Amino acid sequence: MRWKVPVEMGVRELQVARRLHRVGRFYVFLRKIRHELFDEDFERALESTYKKARGTAPLPPALLAMVTLLQAYDQVSDSDAVVTAVMDKRWQLVLGCLGAEEAPFSQGALVSFRERMVRHDLDRKLLDRTVALAKAKGSFGWQKLKVALDSSPLLGAGRVEDTWNLLGRALSLVVDCVAKVVGVPREDVVSQAKLDVLRGPSIKVALDIDWDDPSQQAQALQRLLEEVTRAQAWVAEHAGDDAAKPPLKEALAALRSVIDQDLEPDPSTGKLRIRRGVARDRKPSLGDPDMRHGRKSKSKLFNGYKRQIAKANGIIVAALVQPANCADAVATESLLTDAARHGSVEELHIDRGFLGCEAVDTFHARGGLVLCKPWPSRNQGRFTKLDFKIDLKDRTVTCPEKVTVPITKSGAHFPGDVCTPCSQRARCTKAKNDGRSVDIHPQEELLLLLRQRRATREGRAALRQRVTVEHSLAAVGAIQGPRARYKGIRKNSLDLRRCAAVANIQALRAA
Ligand code: SF4
């Protein structure tokens, strides 16, 4: 199962490498370091995942892992990879099969190897190997890790549809599944359950209404829901216990989930109507149930995922994918834990999205240096929080007029009878019959420190160091592309990690 390829380049390999001197240096570098990347320990770790395999002898896992890297670099599918391994000398140089007329792997082998990678966390190990290689090459210092985190949108691969099409597709899926389970043609289910909306090429064609007329829309929705009820009744009558087993169980759950997330009772009629606004955690695609709605900014929306990376000392040390509606802070702990496997984390460079979580508090409490822009004070034209002296030790707040009040659970409140006669009142509060209030954030101590740091030239220079992770994320984005290659969080995390591994190898080549 070992990948038996020579370390030194042969004559033909040297000829190909010379031709790639200007435009294919990545392939030549990969060929040169392949024995270091897949060293004895890593090959053994890859091999160990095959111990319980039965049947024909598998291909060397190191070879397949190398193919996944080449696929990430060239963004080719499994079928294209098989062709490229025969037609492209650059791939043949890396894979050690120059002049081969047959690819040294099959399309199916790549699919099952990726599944194995997911099961055994090999994608994380592959990324770790590039980090270990960077350590071994000595180009990077590892005594103190300066970890920087960042995220960017990754558009989902599933088709995003409106409520009508989601309902139609979910209903159609139930009919397909139950037809298979019961062993009758789909048309029989459609006619016996009287599902006329499934007779047309699409749900909207079958409903055939004036879509600008709200009353016609309401009637069409009731008609559609009646057909959904008839389909559910048909399933209950004919599928029996199979309705509680996959895949019919999942199809029925998907249909229920579309109804729950996209419809709501109409307060005037009591009947269901299309929901006003967007349900929390709405699934916009039936094809990829892990996709979610996300925001790039207040006005720019996207559907899919967020890719998140941690970079330390010039190398990407962790990467993962989260649903688009997941706050960045949710990933902080996982990224920090992954980073800490490579050394002692001394500094954490983040933006505000990653700040509000326990992992940052714990890191700060342990003496780690957190570098992040603090939230801006929003009391424009009046005294901001920075004008008040907040003493967290004594739990008091003192205003610019030297009035001191205690910090309570709801923050610090200056009484109205103190503020009303105050000469600074107009510069302090808009409250008509009350005094000024100052919110105390759960992370106030850390925020105070961040504000103090930003006020100094050195502090602002330290904040600018985070820009390096933005460059790395852009490099990973350029390799992976804007859209997810796979459906589901785990497979896309694998794809992100192999792209991060490629970005690390590129950084090593340039070092
Ligand atoms: S208005 Fe109240 S809180 Fe503001 S400066 Fe005057 S006394 Fe202090």
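1. Section: the overall build of the chain
Item 1. When helices and strands are counted, the chain shows 21 helices and 13 strands.
Item 2. Looking at the chain as a whole, 47% of its 511 residues qualify as buried.
Item 3. For the chain, the computed accessible surface area is about 26200 Å², with 51% contributed by carbon and sulfur atoms.
Item 4. Computing the positive centroid from 85 side-chain charges and the negative centroid from 62, the chain places the two 6 Å apart.

2. Overview of the domain arrangement of the chain
Item 1. Considered domain by domain, the chain is made up of domain 1 (11-120) and domain 2 (163-274).
Item 2. Spacing between the C-alpha centres of domain 1 and domain 2 amounts to 46 Å.

3. Notes on the site of the ligand
Item 1. For the ligand, the full set of nearby residues is C399, E401, F414, C419, C422, R425, C428 and R436.
Item 2. Residues of the shell around the ligand, tallied by class, amount to five nonpolar, no polar and three charged.

4. Structural notes on the pairing of strand β6 (residues 315-323)
Looking down a regular strand, the side chains alternate between one sheet face and the other.
Item 1. The buried fraction of β6 amounts to nine of the nine residues, a majority that puts the element mostly inside the structure.
Item 2. Two elements, strand β5 (residues 301-312) and β6, share eight bridges in a ladder whose sense is antiparallel. Residue A310 lies in a different strand from β6, and its bridge partner there is A318.
Item 3. With antiparallel pairing between neighbouring strands as the criterion, β5 and β6 make up a hairpin whose turn holds two residues, including N313 at a positive phi of roughly 50 degrees.

5. Description of the sheet that holds strand β12 (residues 411-413)
Item 1. The sheet built from five strands is open, its strands ordered β9-β10-β11-β12-β13 with antiparallel pairing. Two strands in the sheet have a free side with no partner beyond their single neighbour: β9 (389-391) and β13 (437-438).
Item 2. Of the pairings in the sheet, the one linking strand β10 (residues 396-398) to strand β11 (residues 404-408) comprises three bridges and is antiparallel in character. Pairing of T396 across the sheet is with P406, part of β11.

6. Considering the packing of helix α9 (residues 163-182) against helix α13 (residues 248-262)
Item 1. For the pair α9 and α13, interaxial distance at closest approach is 8 Å and the crossing angle is 160 degrees. Viewed along their axes, α9 and α13 adopt a mutual orientation that is roughly antiparallel. For the element pair α9 and α13, the recorded crossing hand is left-handed. Here T163, L166, L167, A170, L171, L173, V174, C177, V178 and V181 of α9 lie close against α13, whose contacting residues are L248, A251, L252, A254, L255, V258, I259, Q261 and D262.

7. Topic: a positive patch on the surface
Item 1. A surface patch of like charges, here positive, comprises K373, R454, R457, R460 and R464.
Item 2. Considering each element in turn, the positive patch owes the most residues, three residues, to helix α19 (residues 457-464).
Item 3. Following the sequence through the fold, R464 ends up in helix α19.
Item 4. In this structure R464 comes out as exposed when scored by relative accessible area, which is 56%.

8. Quick word on the pattern of salt bridges
Item 1. This model, assessed by the stated rule, comprises 35 salt bridges.
Item 2. Notably, a salt bridge pairs D121 with R124, separated by 2.6 Å at the nearest N-O pair.
Item 3. What makes D121 partly exposed here is its relative accessible area of 27%.
Item 4. One salt bridge in this structure joins D281 and R292, with 2.9 Å as the shortest N-O distance.

9. Quick word on the environment of P400
Item 1. As for its placement among the helices and strands, P400 is situated in the loop between β10 and β11.
Item 2. According to the relative accessible area criterion, P400 is partly exposed, its value standing at 28%.
Item 3. Residues P400 and G459 lie 59 residues apart in sequence; the distance between their C-alpha atoms is 25 Å.
Item 4. Beyond its immediate chain neighbours, meaning those up to four positions away, P400 contacts F383, D387 and F388.

So, how was this worked out
Residues numbered from 1 in each chain as written. Predicted model: local features only at pLDDT ≥ 70, side-chain atom pairs only at ≥ 80, totals over all residues. Heavy atoms only, no water. Helix = DSSP H or I, 4+ residues; strand = E, 2+ residues; numbered from the N terminus. Buried < 20%, exposed > 50% of the residue type's maximum accessible area, 1.4 Å probe, protein only. Areas by Shrake-Rupley, 256 points an atom, 1.4 Å probe, with all protein chains shown as cover. Lys, Arg positive; Asp, Glu negative; His and termini not counted. Charge placed at Lys NZ, Arg CZ, Asp CG, Glu CD. Domains from an automatic or database assignment. Near = heavy atom within 4 Å. Nonpolar A, V, L, I, M, F, W, Y, C, P; charged D, E, K, R; others polar. Pairing = 2+ DSSP bridges. Axes fitted to C-alpha atoms, helices over the stretch in contact; angles between N-to-C directions. Parallel < 35°, antiparallel > 145°, perpendicular 65-115°, else oblique. Left-handed = near helix turned anticlockwise from the far one by under 90°. Contact = heavy atoms within 4.5 Å. Patch = residues over 30% accessible without salt bridge, like charges linked within 9 Å, V, L, I, M, F, W, Y side chains within 5 Å. Salt bridge = Lys/Arg side-chain N within 4 Å of Asp/Glu carboxyl O.

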